[in-house]
Amino acid sequence: MTLFDSPNDDGMITAINGDAETHRRLVDLGLLNARYRIKARRKSAVCVYFENGGHGFCAVVEAGIAKRLEVER
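*Asks:* Sorry if this is basic, but what is going on with the environment of Val71 here?
*Replies:* Here Val71 lies in strand β5 (residues 69–72). By relative accessible area, Val71 is classed as buried at 6%. When the C-alpha atoms of Val71 and Ile13 are compared, they prove to be 4.5 Å apart, with 58 residues separating the residues in sequence. Dropping the residues within four chain positions of it, Val71 is found in contact with Met1, Thr2, Leu3, Ser6, Met12, Ile13, Thr14 and Tyr36.

*Asks:* Would you explain the sheet that holds β5 in this entry?
*Replies:* Whenever strands of a sheet pair, they do so through backbone hydrogen bonds, lying parallel or antiparallel. With respect to topology, five strands assemble into an open sheet ordered β4-β3-β2-β1-β5, the strand pairing being antiparallel. Either end of the sheet is taken by a strand with one partner, and the two such strands are β4 (55–62) and β5. Between one strand and the next, the sheet's axes are offset by a mean angle of 40°, whatever the strand orientation. With six bridges joining them, strand β2 (residues 35–41) and strand β3 (residues 45–52) adopt antiparallel strand pairing. Bridged to Arg35 within β3 is Glu51.

What counts and how
- Residues numbered from 1 in each chain as written.
- Predicted model: local features only at pLDDT ≥ 70, side-chain atom pairs only at ≥ 80, totals over all residues.
- Heavy atoms only, no water.
- Helix = DSSP H or I, 4+ residues; strand = E, 2+ residues; numbered from the N terminus.
- Buried < 20%, exposed > 50% of the residue type's maximum accessible area, 1.4 Å probe, protein only.
- Contact = heavy atoms within 4.5 Å.
- Pairing = 2+ DSSP bridges.
- Axes fitted to C-alpha atoms, helices over the stretch in contact; angles between N-to-C directions.

Rendered as structure tokens:
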């Protein structure tokens, strides 16, 4: 299940799919094994609060990227 199609509003990012550059960029942001909480959903994007290691940030994630983030509840 991906962040984009997850029926749950919170959980954990378990894997990042896609090309090597995108994977590295998202890992560098701290998204791998980060907790998430979805604040708003739209057709083309998701507004998400991420937290990893006590540090958190909110971001609008486009659908193409959200579909690369594997999640679990």
